[in-house]
Amino acid sequence: MPSWERGLPPRDAIRDFAIRQFNKSPGCLAHVEVSDNSLTRPQLRSMYATHDAFVLPTRGEGFGLPIAEAMSMAKPAIATAHSGPSDFLTNFNSYPVKITGLDNNGFGVIDQKSLSSQLRAVFDRRDEAAVKGKRARQDMVAKYHPKVVVGITVKRLQQIEKQLAGQPNNAG
């Protein structure tokens, strides 16, 4: 646990929350893996490949690379539709989680009912989740494949080059 966070380690906090929330003993709850270990790229890809869904109820992201990676592997993604991931999470390719507002630091406050509903949807409608996962992969490849991104970048650089060519040389 990072030194700036107080309280129980995440694994214990999640277990204790689930026990209180569902009023059940730990053995009666669904198996959830919580890891605070660093993973290599191959380990991360293996984790995505061997799990049924990817869940990241984040309070804020830059781009949301772990979400995009899971979606590119056709995994149903349950993630907060706030900040960066809102650019690519849709109701057609994922299970967006709502926020109820922003906290004093500008981070999203996760709507617990929305998160719970999306988790239940993936569990109860696995065929639908598989279809959304496939759609997610199609969307990630169409919008974020390296060749697509390079093409967009080259086009923009060419536009900038043309703009600069039309200006007087300020080098002196």
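Let me begin by describing the structure that accompanies this report. This is a predicted model, so every value here is computed, not measured. Note on numbering: residues in each chain are counted from 1, in written sequence order. With the structure being a predicted model, the display of local features is reserved for residues of pLDDT at least 70 and the display and counting of side-chain atom pairs for 80 or more, all residues being used for whole-chain, interface and lining totals. Processing note: side-chain calculations cover all non-hydrogen atoms of the structure and skip hydrogens and water entirely.

### Comments concerning the packing of helix H3 (residues 65-72) against helix H5 (residues 126-144)
Between H3 and H5, the shortest axis-to-axis distance is 7 Å and the interhelical angle comes to 110°. Taken together, H3 and H5 sit at an angle that is classed as roughly perpendicular. Across from Ala68, Met71 and Ser72 in H3, the residues of H5 making contact are Gly133, Ala136, Arg137 and Met140. Here the term charged refers only to Asp, Glu, Lys and Arg, the term nonpolar to Ala, Val, Leu, Ile, Met, Phe, Trp, Tyr, Cys and Pro, and the term polar to all other amino acids, Gly among them. When its residues are assigned to classes, the contact of H3 with H5 shows four nonpolar, two polar and one charged. Convention adopted: a line fitted to C-alpha atoms gives each axis, helices being fitted over their contacting stretch, and angles between N-to-C directions are expressed from 0 to 180 degrees. Numbering of helices and strands runs from the N terminus, with a helix taken as a DSSP run of H or I at least four residues long and a strand as a DSSP run of E at least two residues long. Each angle gets one of four labels, with under 35 degrees taken as roughly parallel, over 145 as roughly antiparallel, 65 to 115 as roughly perpendicular, and the rest as oblique. The criterion used for residue contact is that any of the two residues' heavy atoms lie within 4.5 Å.

### Side note on the environment of Lys98
The residue Lys98 is located in the loop between strand E3 (95-97) and strand E4 (99-102) in this model. In the structure, Lys98 is positioned 88 residues away from Pro10 in sequence and 22 Å away in space, judged by C-alpha atoms. Discounting residues that sit within four places of it in the chain, Lys98 has contacts with Val109, Ile110, Asp111 and Ser114.

### Points about the pairing of strand E2 (residues 77-80)
For each residue, the accessible area found with a 1.4 Å probe, counting protein chains only, is set against the maximum for its type, and the residue is called buried under 20%, exposed over 50%, and partly exposed in between. Across the two faces of E2 the burial is the same, with Ala77 and Ala79 and Ile78 and Thr80 all buried. Bridge count between strand E1 (residues 54-56) and E2: three bridges; the pairing is parallel. The partner of Phe54 across the bridge, within E2, is Ala77. Handedness of the crossover joining E1 and E2 through H3: right-handed. Two strands pair under a simple rule: DSSP has to find at least two bridges between them. Of the pairings in the sheet, the one linking E2 to E3 comprises three bridges and is parallel in character. Bridging from a neighbouring strand, Ala79 pairs with Pro96 of E3. Orient the strands so they point away from the viewer, and a crossover whose first-strand-to-second-strand path over the helix runs clockwise is right-handed.

### Some words on the nonpolar core
In plain words, nonpolar cores are sets of buried Ala, Val, Leu, Ile, Met, Phe, Trp, Tyr and Cys residues tied together by side-chain atoms within 4.5 Å. If you look at the biggest cluster of nonpolar residues, it comprises 13 residues, and the most contacted ones within it are Tyr48, Phe54, Ile67, Met71, Phe88, Leu89 and Met140. Those elements that provide at least two residues to this core are helix H2 (41-50), H3, E2 and H5. At four residues, the largest contribution of residues to this core is made by H3.

### Some details on unusual backbone geometry
A positive phi angle, near 65°, is found at Ala74, a position not held by glycine. Relative to the assigned elements, Ala74 resides in the loop between H3 and E2.

### Some words on the packing of aromatic side chains
Only the six-membered ring of Trp is used, alongside the rings of Phe and Tyr, when aromatic pairs are assigned; centres must lie within 6.5 Å, and planes under 30 degrees apart are stacked while those over 60 apart are edge-to-face, with the rest tilted. Taken as a whole and assessed by the stated rule, the structure comprises four aromatic pairs. Arranged with centres 5.6 Å apart and planes meeting at 75°, the rings of Tyr48 and Phe54 form a pair that is edge-to-face. Using a relative accessible area of 4% as the deciding quantity, one classes Tyr48 as buried. Look at Phe63 and Phe88: their rings are 5.2 Å apart centre to centre, the planes differ by 45°, and that puts the pair in the tilted class. Linking Phe63 in the loop between E1 and H3 with Phe88 in the loop between E2 and E3, this pair joins segments that are 25 residues apart in sequence. Given the relative accessible area of 36%, Phe63 is considered partly exposed. Look at Phe88 and you get buried, because its relative accessible area is 1%. Three or more aromatic residues joined by ring pairs form one cluster here, namely Phe63, Phe88 and Tyr144. Any Lys NZ or Arg CZ that is within 6 Å of a ring centre and within 35 degrees of that ring's normal is treated as a charge sitting over the ring. Stacked on the ring of Phe123, the Lys or Arg Arg126 has its end atom at 4.4 Å from the ring centre. Between the NZ or CZ atom of Lys132 and the centre of the ring of Tyr95, over which it lies, the distance is 4.1 Å.

### Let's talk about helix H1 (residues 10-22)
Given a helix with a known number of residues, its expected span is that number minus one, times 1.5 Å. For H1, which comprises 13 residues, the first-to-last C-alpha distance of 18 Å matches the rise-based estimate of 18 Å (1.5 Å per residue) to within 8%. A positive phi of about 55° marks Asn23, the residue just after H1.

### Quick notes on the sheet that holds E3
Read from one edge of the open sheet, three strands run E1-E2-E3, paired in parallel fashion. Each edge of the open sheet carries a strand with a single partner, namely E1 and E3. Averaged over neighbouring strand pairs, the angle between their axes works out to 15° when direction is ignored.

These results come straight from atomic positions and should not be treated as a statement about function.
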